[in-house]
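Listed here are the chains, written in short residue letters.
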Amino acid sequence: MLLGIDVGGTFTDAVVVDDNQVIRHAKTPTTHGSLLACITQAVDQSLIGLKSSEITRVALSTTIVTNAIVEGQLAKVGLLVIPGPGMKIENLLPVPPAILSGYTDHRGRKVAGIAEHEIRAAFDCLKDCDAFAISGKFANRNPGQELEAAASLRQQAGHRHISLGSQITGSLNFWRRTNSAYYNAAVWSCFQEFANAVEAALRQRCIHAPVYILKADGGTMPLSVARTIPVEAIFTGPAASVFGVMTLACPAVPSVSLDIGGTTTDIALWQQGLPLFAGQGIAIAGYPTSIRSLRLRSVGIGGDSLVRWENNHLKIGPQRLGPAMALGGEYPTVSDAFIAAGLVNFGDRKRAEQAMAQIGGASLSFAETANFIIDQAATQIVQAINALISEWTAEPVYCVADLVNTSAFKPELVIGVGGAARGLVPAVAQKMGIACRLPAGGAVVNAIGAAVARPTMEVTVRADTAIGEYTVAECGVKAAVPRLRFEMPDVQQLGKQYLLERAAQAGIAVEATELLQQEEFHLVRGFRTIGKIMTCQLQVKPGVLTTISGFSGEGWQ
Amino acid sequence: MKKQLGLVFFPAFDWAISPTHPERQERLLYTRDQIVEEGLLDLPQIQEYKPRLAEYADVNRVHIGVPAISPLITEAHLVSAGGAITAVEAVMKQEVKRAFALVRPPGHHAMRMVHGTRGFCTINIEAIMVEYLRKNYGIRRVAIVDTDVHHGDGTQDIFYHDPDTLFISFHQDGRTLYPGTGFMEEMGSPNAFCTTLNIPLPPGTGDEGLHAVLDGLILPALADFKPEVIINSAGQDNHYSDPLANMAITAQGYAKLAEQLKADIAVLEGGYSIEQALPYVNVGIVLAMAGLSYAEVVEPDIQRCPGQSAATTAYIQEMIQKWQGIWRARHDLSRQAKLAAGDFWHRNRSIYYDDSGIYDDQRERVRMCPHCVGYHIIESQAEHPGQGLVSAFAAILPRFACPQCRKDGQDAVHAAKRQGRYQHYFLQDKEQDFLEKL
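Each residue is numbered by its place in its chain's sequence as written, counting from 1. Ligands are numbered from 1 and chains lettered from A, in the order in which they are written. Restriction of local features to residues with pLDDT of at least 70 applies here, the model being predicted, together with a cutoff of 80 or more for giving and counting side-chain atom pairs; totals for whole chains, interfaces and linings are based on all residues.

S.K.: Looking at this model, I keep getting lost on the overall build of chain A. Mind explaining?
M.R.: Note on conventions: DSSP H or I runs of at least 4 residues are helices, E runs of at least 2 residues are strands, and numbering of each starts at the N terminus. Scanning chain A from N- to C-terminus turns up 15 helices and 28 strands. Here the C-alpha atoms of chain A give a radius of gyration of 26 Å, agreeing with the 24 Å that 2.2 N^0.38 yields for 557 residues. Seen along its three principal axes, the alpha-carbon backbone of chain A occupies a region of about 80 × 60 × 45 Å. Three classes are used. A residue is buried when 20 or more other C-beta atoms lie within 10 Å of its own, exposed when 12 or fewer do, and partly exposed in between, with C-beta atoms placed from the backbone. Sorting the 557 residues of chain A into buried and exposed places 51% on the buried side. Residues are defined as contacting one another if the C-beta atoms placed from their backbone atoms lie within 7 Å. A fraction of 66% describes how many contacts in chain A between residues 6 or more apart in sequence connect residues 24 or more apart. To get the radius of gyration, use the C-alpha atoms; to get the globule rule, take the number of residues to the power 0.38 and multiply by 2.2 Å.

As structure tokens, this is what we get:
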């Protein structure tokens, strides 16, 4: 039995999944002061009548990290950077960094050494920091100087946490790695406390199953991994929803999924049964990071969106001024239109019709006004879908073949989940001239997504046969290339080996791995080929542990 | 809000002239590494653009491919020319203040008539961009400043008879480097006199010499010419570490040049020190064009850069003074050149295609028309390896051609076709914007 928990802005949901069935679900208000309270309450509710010892996995999508950042509850972090020559970075970071000398170049070669005394001097200024982050340019190509600096800092920093840029990702982008390392250090102790509390609470309930935390890209990570890279647990809500869609209605054709809630619609795109991933990491408080996420777009339209006239134009959202009039609110909303149009059946229909009269006046019938509102809302959503597709299409590529052989993304299906999906999704699909699906279970889709999302993990192997070395940044490894003839298949093999090893260490069972990207270049010097640079990034394939084909229990919609 | 810099980055990681050629997949690998690693593409001042594909019509607006352009080029050429067009569009649509097309393959050795590839170039991406700009945005006066170490002989050839294009090239002296041209005496044909400025620099010229030329000659000439658009053919092989040349410019020198030149659009040309120079020079140029500090962009091996000798400094000073004198007297000199030419200006040239092994014997004529810049005839006899002689006759009708020149140019190509001494006949009508093969 899988237990999935989603801590949302308003409600916290828990579901128990057993044999392709959601057998329990619970909803409780989110307690913002102490997230543990609502988590335990949701867990307790969902486990009524079940044996807690039968839970085999607990997975949590939580706002703990997001809240810490949004509410500014960040630890004081001492940031040390090794930038070498290049762009001035000091004014671009969340805190002013201590700059260390030393430089590793684009091939991962140490060009200038770091100086111990600078690290001591930096520490003198950063003595009172709670945690530290170290980031070096091209440390993903050779983590050596970050590790050296960390070892030196450790002597003074004692037990305090030190985050390294290279351990967060093996990808290029010093600026993003530095921001990521900073935020990782800043939320580190807050996350440890939370993790301790969750573990204790589960133990009390005799749940000894392994605990997983959802990431922004919809993969999960074992709690032990989350404790070292807590920043990955940011902005997980939309990812939980998308993976919920995957298990409820995994689309075989190119598709769009919409999670339409009270105030917003979250849009995701699907190809070959998987959601598309964002080309770049997410930004935290305006600082770009290397934290991977899904390719999503949010538009300010939901069931509670305010409907009104402004300068002879019908405006919908993004404001929300309370619930629908049919539910006791004061102003007309999109939900009132659903009710007046007869698309959903809840609330006070008379009040919904009053709302339509306020908007449509005497010349239009209630139904005409309602359909007009729904049409306007659907138009805005379709525009946002098209913008998301164009943004993806406009993303640069660096090979001629990729530029010339592009085919347009044409969705064939719209999938809708969330409270307001029923009222809007058919209108969106109709405008796009394609089919739609509204899978059952959409109301607790986030908790379902968390329950079933597979753990993921990645490694980046980069071999430079001219230098005779390879690196695996995420593992802090730099070693000699094992033999003279070392080709791309060997690099992939090596990458797979490291990935499986790393996954095993974290307790992740690997079903399948996949290649995220690879590059191969011949090194030519003086008209002679002297070696190859080969990079490959592999990951444990994301997906869901099971598909959901049914449910038991009441209140399912 | 308008961003400072649009960056069209296209390293063509799957394209090479041949596996070990300087123009190979690896060329911009380390530049990509550095640009991405610095985080330049994430800066709020910079917008990255995906290049579009140029159309054959864009290419034929400039070039006369023999027997046609399509068999001579690959898709990569259309992408790099398209990248330059994408850059110019971003600037003209006011999405960005300036743009840099950091693309390959390069183009500045490609001349109007194209038989093959020379100096790694097949089609001239700046020239295609300039003519696109004129066609689509009604721009007339354009300045191109070529800062590649090799003389931009292709760009010079294309605009040699065009008084609306100021072409300035500084480069390592043609007596010491490919393509062996670009001397001060090459100043444009009489109707476009002194809109071609060549500044051949001695080997060993460093940042000091480069900036003396910029301050003493290039910037004042630009101020006098008053171009609507300034383009930088931003080759990077004047760098001290370049394996194909002998100059001593640094990343700082190039970045400061970009900062002071204030080009609307820069387009990458050569530069083959792919590890020691390109990552730093490109980051320097990108930062300078984006209006950001490039003070810390210094090559790790900067101590290898030789200083500029006193003799070189003196030589450059003298040349600047000589050029200043010519520039001041340019209107008089132009009148004299027109008088000396008579009814037709003409020249014979031998053009070598080093990458294709083609020798072209070219004869050019331009009518010295008092009403327009005059129609232009190219007669070409090219010896292709394994293929023998490939010959062509082309008449080019310039923009704003007078009715007489339009008629005479058309008559000339039809008459030549009747005589039948050539294999291919072309009419390039720049006014009506077409290239016709007769």
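S.K.: What is the right way to read the overall build of chain B from this model?
M.R.: Summing up its helical and strand segments, chain B has 11 helices and 16 strands in all. Against the 2.2 N^0.38 benchmark of 22 Å for 438 residues, chain B shows a C-alpha radius of gyration of 21 Å, consistent with a compact globule. Once the C-alpha set of chain B is aligned to its principal axes, its extents read approximately 65 × 45 × 45 Å. With 438 residues in all, chain B has 57% of them scored as buried. For chain B, the share of sequence-separated contacts (at least 6 apart) that also reach a separation of at least 24 residues comes to 73%.

S.K.: Is there a simple way to think about the domain arrangement of chain A in this case?
M.R.: A domain assignment, automatic or from a database, supplies the domain bounds used here. Domain annotation of chain A identifies domain 1 (77-191), domain 2 (298-438) and domain 3 (458-540). Put simply, the middle of domain 2 of chain A and the middle of domain 3 of chain A, counted by C-alpha atoms, are 47 Å apart.

S.K.: I tried to follow the sheet that holds strand β6 (residues 98-99) of chain A on my own but got confused; where do I start?
M.R.: Through backbone hydrogen bonds, the strands of a sheet pair up, either in parallel or in antiparallel fashion. Residues and elements named next belong to chain A. With parallel pairing, the 4 strands of this open sheet are ordered in space as β6-β5-β9-β10. Of all the strands in the sheet, just β6 and β10 (161-164) have a single pairing partner and so form its edges. Two strands are said to pair when DSSP picks up at least two bridges between them. By the bridge criterion, 4 bridges tie strand β9 (residues 131-136) to β10 in an arrangement that is parallel. The partner of Ala-131 across the bridge, within β10, is His-161.

S.K.: Quick question: what am I supposed to make of the pairing of strand β4 (residues 96-103) of chain B here?
M.R.: In summary, the side chains of a regular strand alternate between the two faces of the sheet. Residue and element names in this part refer to chain B. Within β4, 7 of the 8 residues are buried, which leaves the element mostly enclosed by the surrounding structure. Alignment of strand β1 (residues 3-10) against β4, held across 7 bridges, turns out to be parallel. Looking at the pairing, Leu-5 lines up with Arg-98 of β4. The sheet contact formed by β4 and strand β10 (residues 265-268) spans 3 bridges and is parallel.

S.K.: Sorry if this is basic, but what is going on with the pairing of β10(B) here?
M.R.: Residues and elements named next belong to chain B. Alternating positions in β10 separate into two faces, Ile-265 and Val-267 on one and Ala-266 and Leu-268 on the other, with burial throughout. Strand direction decides the pairing type here: strand β9 (residues 229-234) and β10, joined by 4 bridges, are parallel. Bridged to Asn-232 within β10 is Ala-266. Assessed by its sense of winding, the connection that carries the chain from β9 through helix α7 (residues 251-261) to β10 is right-handed. Look down the strands so they point away from you; if going from the first strand over the helix to the second traces a clockwise path, that crossover is right-handed.

S.K.: What exactly am I supposed to notice about the interface of chain A and chain B here?
M.R.: In many analyses, interface size is given as the accessible surface area lost on bringing the parts together. Taken together, the contacts link 33 residues of chain A with 37 residues of chain B. Breaking the side of chain A that touches chain B down by element, the ones donating at least two residues are α6 (174-204), α12 (400-404), β26 (513-525) and β27 (528-540) of chain A. Of the residues in the side of chain A that touches chain B, the class split is 22 nonpolar, 5 polar and 6 charged. Put simply, Ala, Val, Leu, Ile, Met, Phe, Trp, Tyr, Cys and Pro go in the nonpolar bin, Asp, Glu, Lys and Arg in the charged bin, and everything else, Gly too, in the polar bin.

S.K.: Would you mind showing me how to read the domain arrangement of chain B here?
M.R.: Residues and elements named next belong to chain B. Examined at the domain level, chain B breaks down into domain 1 (3-328) and domain 2 (343-437). Using only C-alpha atoms to locate each centre, domain 1 and domain 2 end up separated by 27 Å. Residue-level contacts link 23 residues of domain 1 with 26 residues of domain 2. Its residues assigned to classes, the side of domain 1 that touches domain 2 shows 10 nonpolar, 8 polar and 5 charged.

S.K.: Explain the sheet that holds strand β28 (residues 550-551) of chain A here, please?
M.R.: Residue and element names in this part refer to chain A. Strands sit in the order β12-β11-β4-β1-β2-β3-β28 across an open sheet of 7 strands; the sheet is mixed. Bordering the open sheet on either side are β12 (220-222) and β28, each of which pairs with just one other strand. When strand β1 (residues 2-7) meets strand β4 (residues 57-61), the two strands line up parallel, connected through 5 bridges. In the strand pairing of β4, Asp-6 is matched with Ser-61. Each axis is a line fitted through C-alpha atoms, taken for helices only over the stretch in contact, and angles between the N-to-C directions span 0 to 180 degrees. Against the sheet, helix α14 (residues 445-452) makes contact with β1, β2 (11-18), β3 (21-29), β4 and β11 (211-214), and its axis sits at roughly 130° relative to β1, the strand it touches most.

S.K.: Quick question: what am I supposed to make of the packing of helix α3 (residues 75-92) of chain B against helix α4 (residues 125-137) of chain B here?
M.R.: In helix packing, the relevant descriptors are the interaxial angle and the interaxial distance, both defined with respect to the helix axes. Residues and elements named next belong to chain B. As a packed pair, α3 and α4 sit with axes 9 Å apart at the nearest point and diverge in direction by 40°. With respect to their mutual orientation, α3 and α4 come out oblique. Classified by chirality, the crossing of α4 by α3 is right-handed. Packed against α3, whose contacting residues are Ser-80, Ala-81, Ala-84, Ile-85, Val-88 and Met-92, the element α4 presents Ile-125, Glu-126, Ile-128, Met-129, Tyr-132, Leu-133 and Tyr-137 at the interface. If an angle is under 35 degrees, it is roughly parallel; if it is over 145, roughly antiparallel; if it lies from 65 to 115, roughly perpendicular; otherwise it is oblique. Whether a crossing is left-handed or right-handed is set by the direction in which the near helix is turned from the far one by less than a right angle, anticlockwise for left-handed and clockwise for right-handed.

S.K.: I would appreciate a short explanation of the nonpolar core in the present structure.
M.R.: Where a protein is soluble and globular, its nonpolar side chains tend to be buried together. Residue and element names in this part refer to chain A. What we call a nonpolar core is a set of buried Ala, Val, Leu, Ile, Met, Phe, Trp, Tyr and Cys residues whose membership is set by joining through C-beta atoms within 7 Å. Counting residues in each nonpolar core, the largest one holds 143 residues, and the members touching the most others are Ile-5, Ile-134, Val-187, Leu-424, Val-428, Ile-448 and Ala-451. Broken down by element, this core gets its largest block of residues, 12 residues, from α6. If near-sequence neighbours (up to four positions away) are discounted, Ile-448 is found in contact with Gly-4, Val-15, Val-17, Val-22, Gly-244, Thr-247, Leu-248, Gly-441 and Ile-548.

S.K.: Help me understand unusual backbone geometry, please; the structure alone is not making it clear to me.
M.R.: The omega angle of the peptide bond from A:Gly317 to A:Pro318 is -5°, so this bond is cis rather than trans. In this structure, the amide linkage connecting B:Arg104 to the following residue, B:Pro105, adopts the cis form with an omega of 0°. One can find B:Pro105 in the loop between β4 and β5 (113-114). In this model, A:Cys206 sits at a positive phi of 60°, which is unusual for a non-glycine residue. Looking at the element boundaries, A:Cys206 is found in the loop between α6 and β11. Owing to 10 C-beta atoms within 10 Å, A:Cys206 belongs among the exposed residues under this scheme. Its identity is not glycine, yet B:Phe120 carries a phi of approximately 70°, on the positive side. Structurally, B:Phe120 can be placed in the loop between β5 and α4.

S.K.: Help me understand helix α6 (residues 207-225) of chain B, please; the structure alone is not making it clear to me.
M.R.: Note on helix geometry: an α-helix contains 3.6 residues per turn, so any two residues three or four positions apart are oriented the same way. All names here are of chain B. An expected span of 1.5 Å times one less than the residue number is assigned to each helix. Taking 1.5 Å of rise per residue, the 19 residues of α6 would be expected to cover 27 Å, and the 25 Å separating its terminal C-alpha atoms lies within 8% of that figure. At every residue, the bend is computed as the angle between two fitted axes, covering the seven residues ending there and the seven beginning there respectively. Of all the bends in α6, the largest measures some 40° and sits at Leu-214. For α6, every residue scored as buried is listed here: Asp-207, Gly-209, Leu-210, Val-213, Leu-214, Leu-217, Ile-218 and Ala-221. The elements touched by buried residues of α6 are β6 (142-146), β7 (165-172), β8 (196-201), α7 and α9 (310-328). Immediately beyond the C-terminal end of α6, within one or two residues, lies Lys-226, with a positive phi of roughly 55°.

S.K.: Any chance you could explain the confidence of the model for chain B here in plain terms?
M.R.: Detailed reading of the predicted model is not advised wherever pLDDT is low. Scored from 0 to 100, pLDDT records how confident the predictor is in each individual residue. Here chain B averages 97 in pLDDT, while 100% of its residues score no lower than 70. For this predicted complex, the interface confidence score (ipTM) comes to 0.94, while the overall pTM stands at 0.95.

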